[in-house]
Amino acid sequence: MTAPPDDIESLRARIDRIQGGRRRAKSALAFGVEALDERLPEGGLSRGVTHEIAGGGQNAGDGPAAALFAAGIAARTRGKVLWCLSRPDLFAPALAQVGLAPDRVIYVEAKDEKTVLACMEEGLAHGGPVVVVGEVARLSMTASRRLNLAAEKTGCLAILLRRWSRPNETVEVGRPTAAATRWRISASPAAPLPVPGIGRARWRVELIRCRGGTTADLELEACDETGRLAFPSDLSDRSAAPPAERAPRRASA
């Protein structure tokens, strides 16, 4: 029995939507820094999956550096950004300085981290925002898988900004999750200027986990007004690691 033409067209439309979602999920957002992009399996941050970003340690500047790293990524996309948080201490003007304009960001202030994750999942599944950022300390494997599934449906870029209020919460960042990449950002001294003033900030950018790619450990200039990183002009070896540690290592899957 032959199916009616309307049913066939409906089926084709559904297949196109499914295939379109998979194509979006495979697209990537390049950093424009070859030493980073070449270590990522698709030449940049994959869309349609989750990425983790955390401060490098107890330094007071590491947490803000991680937030600005996330904001710089979002700044290099087009469209709305959903930023979910449970503590209203985010300094929006700093995000604007790395290219993330205030009129692009929709802030969701949740009562707790469980609600943050729920809002992220809803935003990813909706598909309206191009980037969804969530600030959490704890993240289970189940929760991260749910976020991955929601992001895969729409091709959104999901960013988990890992932050904590107590030192004992830092161990949470090392627990296994379904994130495609895991980054650690640490503030470094800015380059001295020939005249009195403050030079461009520098970060130690560590890609400590990359599914299908390799790790990285670089000292870079912080995001500029367009959200882009750059190599410091006075660093010729392009690495923050000692010479014996510069060879790329295969990241865990």
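Everything numeric in this text was worked out from a predicted model, so none of it was measured.

### Overview of the sheet that holds strand E9 (residues 202-210)
In a beta sheet, neighbouring strands pair by backbone hydrogen bonds and run either parallel or antiparallel.
Thought 1: A sheet is described by the order of its strands in space; here eight strands give the open sequence E5-E4-E6-E7-E3-E8-E9-E10, paired in mixed fashion. Edge positions in the sheet fall to strand E5 (105-109) and strand E10 (216-221), since each has one partner strand and no second. Direction aside, the axes of adjacent strands within the sheet are offset by 20 degrees on average.
Thought 2: Note that strand E4 (residues 81-85) and strand E6 (residues 131-136) share four bridges and pair parallel.

### Let's talk about the environment of Arg211
Thought 1: Tracing the backbone through its elements, the reader meets Arg211 in the loop between E9 and E10.
Thought 2: Taking the C-alpha atoms as reference, Arg211 lies 9.3 Å from Arg182; in sequence the two are 29 residues apart.
Thought 3: Within the structure, the side chain of Arg211 is placed 3.3 Å from the backbone oxygen of Ala178, a separation counted as a polar contact.

### With respect to the packing of aromatic side chains
Thought 1: This model, assessed by the stated rule, comprises four aromatic pairs.
Thought 2: Aromatic side chains Phe31 and Phe69 sit 5.9 Å apart centroid to centroid with 20 degrees between the ring planes, which places their arrangement in the stacked category. One end of the pair, Phe31, is in the loop between strand E1 (28-29) and helix H2 (34-37); the other, Phe69, is in helix H3 (residues 62-75), and 38 residues separate them in sequence. Neither residue differs from the other here; Phe31 and Phe69 are each classed as buried.
Thought 3: Ring centres of Phe69 and Trp183 lie 5.4 Å apart, and the angle between their planes is 45 degrees; on these two criteria the pair is classed as tilted. Here Phe69 is found in helix H3, whereas its partner Trp183 is found in strand E8 (residues 181-188), with 114 residues between them in sequence.
Thought 4: Among the aromatic residues, those joined into a cluster by ring pairs are Phe31, Phe69, Trp183 and Trp203.

### Points about helix H5 (residues 113-126)
Thought 1: Taking 1.5 Å of rise per residue, 14 residues should cover 20 Å, and H5 covers 20 Å from first to last C-alpha, within 8% of that figure.
Thought 2: Those residues of H5 lying buried are Val116, Leu117, Met120, Gly123 and Leu124. Down the axis of H5, the buried set is contained in an arc of 130 degrees. They therefore lie on one face. Exposed positions of H5 whose direction lies more than 90 degrees from the buried face are Lys114, Glu122 and His126.
Thought 3: In this structure, the buried side of H5 is in contact with E4, E6, helix H6 (141-154) and strand E7 (157-162).
Thought 4: Sitting at the amino-terminal end of H5 is Asp112, which places a side-chain oxygen 3.3 Å from the backbone nitrogen of Lys114.

Calculation criteria
- The numbers attached to residues start from 1 for each chain and follow its sequence in the written order.
- Under the rules for a predicted model, residues below a pLDDT of 70 receive no local features and side-chain atom pairs below 80 are neither given nor counted, while totals for whole chains, interfaces and linings still include all residues.
- Only hydrogens and water are set aside when side-chain values are computed; all heavy atoms of the structure are taken into account.
- By the convention used here, strands pair only if DSSP detects at least 2 bridges between them.
- Strands are runs of DSSP state E lasting at least 2 residues, helices are runs of H or I lasting at least 4, and numbering of each runs from the N terminus.
- Axis definition: a line fit to C-alpha positions, over the contact stretch in the case of helices; interaxial angles, taken between N-to-C directions, run 0 to 180 degrees.
- We define a polar contact as two N or O atoms separated by no more than 3.5 Å, with the added condition that, inside protein, one atom must be a possible hydrogen donor and the other a possible acceptor, whereas residues neighbouring each other in sequence contribute only through side-chain atom pairs.
- Stacked, tilted and edge-to-face are the three classes applied to pairs of Phe, Tyr and Trp rings, where Trp contributes its six-membered ring and a pair requires centres within 6.5 Å; stacked means planes under 30 degrees apart, edge-to-face means over 60, and tilted covers the rest.
- Burial classes: relative accessible area under 20% of the type maximum marks a residue as buried, over 50% as exposed, and values in between as partly exposed (1.4 Å probe, protein chains only).
- Residue count minus one, scaled by 1.5 Å, sets the expected span of a helix.
- Working definition: the arc comes from the directions between the helix axis and the C-beta atoms, pointing outward to the latter.
- Here a residue-residue contact requires only that any non-hydrogen atoms of the pair lie within 4.5 Å.

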